[in-house]
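Survey of secondary and tertiary structure
Each chain, letter by letter, is given below.
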Amino acid sequence: MQIAEMFQQILDNPIPALLIVGNLIIIESLLSVDNAAVLATMVMDLPKEQRNKALKYGIIGAYVFRGICLLFASLLIKVWWLKPVGGLYLLYLTYDYFKKRAEKSKAEKAGIVEQEAEEIDKSSNWLYKATIGWMGQFWATVALVELMDLAFSIDNVFAAVAFSDNIVLIWTGVFIGILAMRFVAQGFVRLMEKYPFLETAAFLVIGVLGIKLMLAIYEHFYPETAAAQFLESHQADWATSIITVSIFLIPIITSLLFNYPKKHKVEAEAEAEAEAK
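Now for a quick tour of the structure. These figures come from a predicted structure and were not determined experimentally.

Counting its regular elements, the protein contains 11 helices and 0 strands. Burial status across the protein gives 40% buried among its 277 residues. The long-range share in the protein, meaning contacts at least 24 apart out of those at least 6 apart in sequence, stands at 80%. As presented, the protein carries roughly 16000 Å² of accessible surface, and 66% of it is formed by carbon and sulfur atoms.

Here it is, written out as structure tokens:
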């Protein structure tokens, strides 16, 4: 599909296009929350005056690698087998999240208290061990931060391509997400503090996107079927956007109306006190 055709597709279907761009911004921001949390943890063993400097390098790296991965998105669209590979990766991320969540729940039931903040053992990382000797602790940490930036950027590009094959929409949504990343991520942190179940919703969305990418196998081998033609249509992109938005919105609405899923304990207690007054 040529660029002109992509723009025409957007003009012919403005609402689905806006939904896709909105979803891309949300996914970019949500993945950036995890990115920021991991990077913040990684610099904690540096002297206080060096932490902000290392994080600034991390933010620069996040922008650079996301820009590079945007170029990779066009390749991902053209090479069909890269889609199921990306889908498998997204499904692994979802599986890993729910596995760790189940292990944590099991540990809590057993009375085992874990640290709230998960620490990252940099000393066991191959890149950190290879660079600390000649680069020093600060630059070895920065190198590891950049490696994590690259990993998170790959997550983002796989998730973006799952929404649409229209590279113009992908570039628009991810670019706006990059610009808003630093500010929107802070808002999502506060939102997830109030509604902690949104983190689970985010990984459910990533799982849905993984399944959509895996369906590229069916599209490739059975292109003439009605199901394959639907999967390649913009109606499928619209359906994906509606499903992902619903995964986020429905729990928030039910939480506000029926307190299910429950809000954060501190938030719920504060609202109860306000109502009592």
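Let us keep going from here.
To continue, consider the packing of aromatic side chains. With the rule as written, the count across this model stands at 5 aromatic pairs. Centroid distance Tyr 97 to Phe 98: 5.1 Å. Interplanar angle 80°. Geometry classified as edge-to-face. Consider the rings of Tyr 97 and Phe 203, whose centres lie 4.1 Å apart with planes at 0°: the pair is stacked. Of the two residues, Tyr 97 sits in helix H4 (residues 82-109) while Phe 203 sits in helix H7 (residues 197-214), which places them 106 residues apart along the sequence. For the residue pair Tyr 97 and Phe 203, the accessibility class agrees, reading buried in each case. Grouped by ring-pair contacts, the aromatic residues Tyr 97, Phe 98 and Phe 203 constitute a single cluster.

Criteria and thresholds
Residues numbered from 1 in each chain as written. Predicted model: local features only at pLDDT ≥ 70, side-chain atom pairs only at ≥ 80, totals over all residues. Heavy atoms only, no water. Helix = DSSP H or I, 4+ residues; strand = E, 2+ residues; numbered from the N terminus. Buried < 20%, exposed > 50% of the residue type's maximum accessible area, 1.4 Å probe, protein only. Contact = heavy atoms within 4.5 Å. Areas by Shrake-Rupley, 256 points an atom, 1.4 Å probe, with all protein chains shown as cover. Phe/Tyr/Trp six-rings, centres within 6.5 Å; stacked < 30°, edge-to-face > 60°.

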